[in-house]
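The chain contents come next:
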Amino acid sequence: MNLIYLDNAATTPLSEKALSDMTPYFMTEFGNASSLHQKGRIAKKVVDLARDTIAHSIGARSNEIYFTSGGTESDNWAIRGAIKASKNKVKHIVTSAIEHPAVLNTCQDLEREGVLVTYVYPDKNGVISLESIKKAVNANTVLISIMFANNEIGTIQPISEIGSFCRAEGIVFHTDAVQAMGTMEIDVDKMNIDLLSMSAHKFNGPKGIGVLYIRTGVKIDRFMTGGEQERGKRAGTLATPLIVGMASALKETLENREVNNEKMIRLRDDFINGVQKNIPYVHLNGDRAKRLANNINFSFEFIEGESLLMRLDLDGIAVSSGSACASGSLQASHVIKAIGVSDELAHSTIRFSLGKDTTQEQMNHTLEVLIKNVKVLREMSPLYDSKKKEGKYV
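Residues numbered from 1 in each chain as written. Predicted model: local features only at pLDDT ≥ 70, side-chain atom pairs only at ≥ 80, totals over all residues. Heavy atoms only, no water.

*Asks:* Any chance you could explain the overall build of the chain here in plain terms?
*Replies:* When helices and strands are tallied, the chain shows 13 helices and 12 strands. Taken over C-alpha atoms, the radius of gyration comes to 22 Å for the chain, in line with the 21 Å a tight globule of 394 residues would show. C-alpha atoms of the chain, sized along the principal axes, occupy 75 × 55 × 35 Å. Split into buried and exposed, the 394 residues of the chain put 57% on the buried side. Counted over contacts in the chain with a minimum sequence separation of 6, partners at least 24 positions apart contribute 73%. Here the chain has roughly 17,500 Å² of accessible surface; of this, 52% comes from carbon and sulfur atoms. In the chain, the 46 positive side-chain charges and the 46 negative ones have mean positions that sit 3 Å from each other. (Helix = DSSP H or I, 4+ residues; strand = E, 2+ residues; numbered from the N terminus. Rg over C-alpha atoms; globule rule 2.2 N^0.38 Å. Buried < 20%, exposed > 50% of the residue type's maximum accessible area, 1.4 Å probe, protein only. Contact = heavy atoms within 4.5 Å. Areas by Shrake-Rupley, 256 points an atom, 1.4 Å probe, with all protein chains shown as cover. Lys, Arg positive; Asp, Glu negative; His and termini not counted. Charge placed at Lys NZ, Arg CZ, Asp CG, Glu CD.)

*Asks:* In this structure, what is going on with the packing of helix α9 (residues 305-314) against helix α12 (residues 360-379)? I would like to understand it.
*Replies:* In helix packing, the relevant descriptors are the interaxial angle and the interaxial distance, both defined with respect to the helix axes. At a minimum axis separation of 10 Å, α9 and α12 run at an interaxial angle of 135°. Relative to α12, α9 is oriented oblique. For α9 against α12, the interelement crossing comes out right-handed. Facing α9, whose interface residues are S307, L308, R311 and L312, α12 presents V369, L370, N373, V374, V376 and L377. (Axes fitted to C-alpha atoms, helices over the stretch in contact; angles between N-to-C directions. Parallel < 35°, antiparallel > 145°, perpendicular 65-115°, else oblique. Left-handed = near helix turned anticlockwise from the far one by under 90°.)

*Asks:* When you look at unusual backbone geometry in this model, what are you seeing that I'm missing?
*Replies:* At N192, a residue that is not glycine, the phi angle is positive and equals roughly 55°. Within the chain, R231 stands out as a residue other than glycine whose phi angle is a positive 55°. Along the chain, the position of R231 falls in the loop between β8 (210-214) and α7 (240-255). A residue is classified by how much of its surface remains accessible, and R231, at 41% relative accessible area, is partly exposed.

*Asks:* I tried to follow the packing of helix α2 (residues 38-57) against α7 on my own but got confused; where do I start?
*Replies:* Where α2 meets α7, the axes come as close as 9 Å, and the angle between the chain directions of the two elements is 35°. The interaxial crossing formed by α2 with α7 has left-handed handedness. Judged by residue contacts, A43, V46, V47, A50, T53, I54 and S57 of α2 engage T240, I243, V244, M246, A247, L250, K251 and L254 from α7. Of the residues contributing to the contact of α2 with α7, the split by class is 11 nonpolar, 3 polar and 1 charged. (Nonpolar A, V, L, I, M, F, W, Y, C, P; charged D, E, K, R; others polar.)

*Asks:* Whenever I open this one, the pairing of strand β10 (residues 295-300) confuses me. Can you help?
*Replies:* Across a regular strand the side chains alternate sides, sitting on one face of the sheet and then on the other. Among the 6 residues of β10, 6 are classified as buried, and the element is accordingly described as predominantly covered. Here β10 shows a buried face lined by N295, N297 and S299 and a second buried face lined by I296, F298 and F300. Relative to β10, strand β9 (residues 282-284) is paired through 3 bridges, and the arrangement is antiparallel. Residue H283 lies in a different strand from β10, and its bridge partner there is S299. (Pairing = 2+ DSSP bridges.)

*Asks:* What exactly am I supposed to notice about the environment of T141 here?
*Replies:* Residue placement: T141 occurs in strand β5 (residues 141-145). Judged by its relative accessible area of 7%, T141 is buried. As a C-alpha pair, T141 and K91 span 50 residues in sequence and 6.3 Å in three-dimensional space. There is a polar contact of 2.7 Å between the side chain of T141 and the side chain of H92. Separated by 2.9 Å, the side chain of T141 and the backbone nitrogen of N138 make a polar contact. (Polar contact = N/O pair within 3.5 Å; in protein donor to acceptor, adjacent residues only side chain to side chain.)

*Asks:* Would you mind showing me how to read the sheet that holds β9 here?
*Replies:* Either a parallel or an antiparallel arrangement is found when strands of a sheet pair, and the pairing is made through backbone hydrogen bonds. Strand order in the open sheet made by the 3 strands is β9-β10-β12, with antiparallel pairing throughout. The sheet is open, and its two borders are formed by β9 and β12 (349-353), each paired with just one other strand. The average undirected angle you get between the axes of adjacent strands in this sheet is 25°. Sheet strands touched by helix α8 (residues 257-278): β9, β10 and β12. Its angle to β10, the strand with the most contacts, is close to 10°. With respect to the sheet, α9 is in contact with β10 and β12, its orientation differing from that of β12 by roughly 40°.

*Asks:* What is the right way to look at the environment of P241 in this model?
*Replies:* Within the secondary structure, P241 sits in helix α7. Residue classification places P241 among the buried residues on the basis of a relative accessible area of 11%. With 194 residues separating them along the chain, P241 and V47 place their C-alpha atoms 8.8 Å apart. Setting aside its immediate chain neighbours within four residues, P241 contacts M22, Y25 and F26.

*Asks:* What is the right way to read the packing of aromatic side chains from this model?
*Replies:* Within a pair of aromatic rings, the relevant descriptors are the distance that separates the centres and the angle that separates the planes. Under the definition given, this model contains 4 aromatic pairs. Plain terms: the ring middles of F298 and F300 are 6.0 Å apart, the flat faces sit at 50° to each other, and that makes the pair tilted. A single burial state applies to F298 and to F300, both of which are buried. Just above the ring of F30 sits the side chain of K39; from NZ or CZ to the centre is 5.1 Å. Above the face of the Y66 ring, R231 is positioned so that its terminal group lies 4.1 Å from the ring centre. (Phe/Tyr/Trp six-rings, centres within 6.5 Å; stacked < 30°, edge-to-face > 60°. Lys NZ or Arg CZ within 6 Å of the ring centre and 35° of its normal.)

*Asks:* Which parts of the structure should I look at to understand the sheet that holds strand β7 (residues 195-199)?
*Replies:* Taken together, the 7 strands give an open sheet; going across it, the order is β2-β8-β7-β6-β5-β3-β4, and neighbouring strands pair in mixed fashion. A strand with exactly one partner marks an edge of an open sheet, and here the two such strands are β2 (65-68) and β4 (116-120). With strand direction ignored, the average angle separating the axes of adjacent strands in the sheet is 20°. Two elements, strand β6 (residues 172-176) and β7, share 3 bridges in a ladder whose sense is parallel. Of the residues in β7, the one forming a bridge with D176 is S197. Strands in contact with α2 are β2, β7 and β8; relative to β2, the strand with the most contacts, it is inclined by about 110°.

None of the figures reported here should be taken as evidence of function without further support.
Written out as structure tokens, the structure reads:
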């Protein structure tokens with residue numbers, strides 16, 4: 001069997017249609033969208049069409065869509081831009097302890113500059129409650145930043161409730177929707193979202209291109225200085241081919257979302273049931289129901305997650321031990337720890353993230369290989385051996 005790719009939360013393969021749509025703007029139609037001549041006008045036209053497509057996908061207006069290099073830049077711009085634009089003498093941010101590093105590290109950086117930050121913790125299933133956010137807010141709160149759905153455990157947050165509260169309190173609301181985009185229905189008006197981050201490579205688009213949605217009237221300073229691109233808010237030559245590819249991939253993804261989600265949910269739930277039935281001492285992380293269609297996250301007792309990941313890789317199965325953006329760290333996942341899992345168990349965590357092309361055959365094979373490798377690794381574990389001797393492992 002060929003490689004089984006179950007790390008779609010890290011990145012997805014580029015859509016063939018998106019590649020085809022992008023190609024002319026690398027080759028023959030290579031004009032700069034800011035140029036006034038014919039080549040430039042052609043580039044500007046396709047950029048404007050792409051902007052319309054992306055805006056429509058989230059219920060926004062075209063002039064509220066700003067192109068960036070990806071989710072990290074979008075998150076940085078949303079948070080730093082909102083703080084810099086605020087006239088408050090004391091500036092306060094409320095965010096969660098399970099955000100992506102692009103949000104957490106940005107907030108920690110701002111703390112060193114004197115900004116106050118409150119980190120709200122989720123419940124054991126990874127859900128951030130509106131009540132916990134309300135308790136964290138004070139008169140100096142400028143921004144609330146809560147991700148739409150978690151990249152590691154897949155938990156979907158109560159975004160509409162949080163958005164309604166922010167609107168009533170006059171607080172800017174940002175959501176990192178990088179993982180949710182393409183699999184979930186998002187309407188920035190209905191959900192009262194002021195700022196939203198997305199990244200194309202999470203929904204079969206090209207790497208290196210993203211969007212920050214900025215609601216009309218929301219005060220946010222520019223992130224990069226230079227030319228007057230993006231209505232003077234984000235300098236830099238527009239990456240026309242990547243923008244075209246992003247819009248093409250998003251349109252294709254949304255057209256097939258319902259069918260793909262239905263398939264992935266079935267495969268996801270069958271796999272979860274199979275693991276829980278066949279592997280003792282296993283813990284499902286994240287809410288069982290309020291979960292992204294493609295996300296599965298387990299902690300396996302008596303096993304080092306990296307060892308299991310490498311054995312699965314040798315068997316032709318690509319998975320993750322957490323966020324790809326934190327893979328250089330030797331520390332246990334901050335997300336898994338934040339939901340109350342011990343350090344030891346957190347180090348035994350594996351994330352399986354499905355894609356639109358994942359098949360039943362692939363998931364069945366993955367389950368067989370997983371059962372085999374968990375057994376092998378546990379047989380080498382002294383902790384497992386002592387548990388077995390106590391008669392506590394059957």
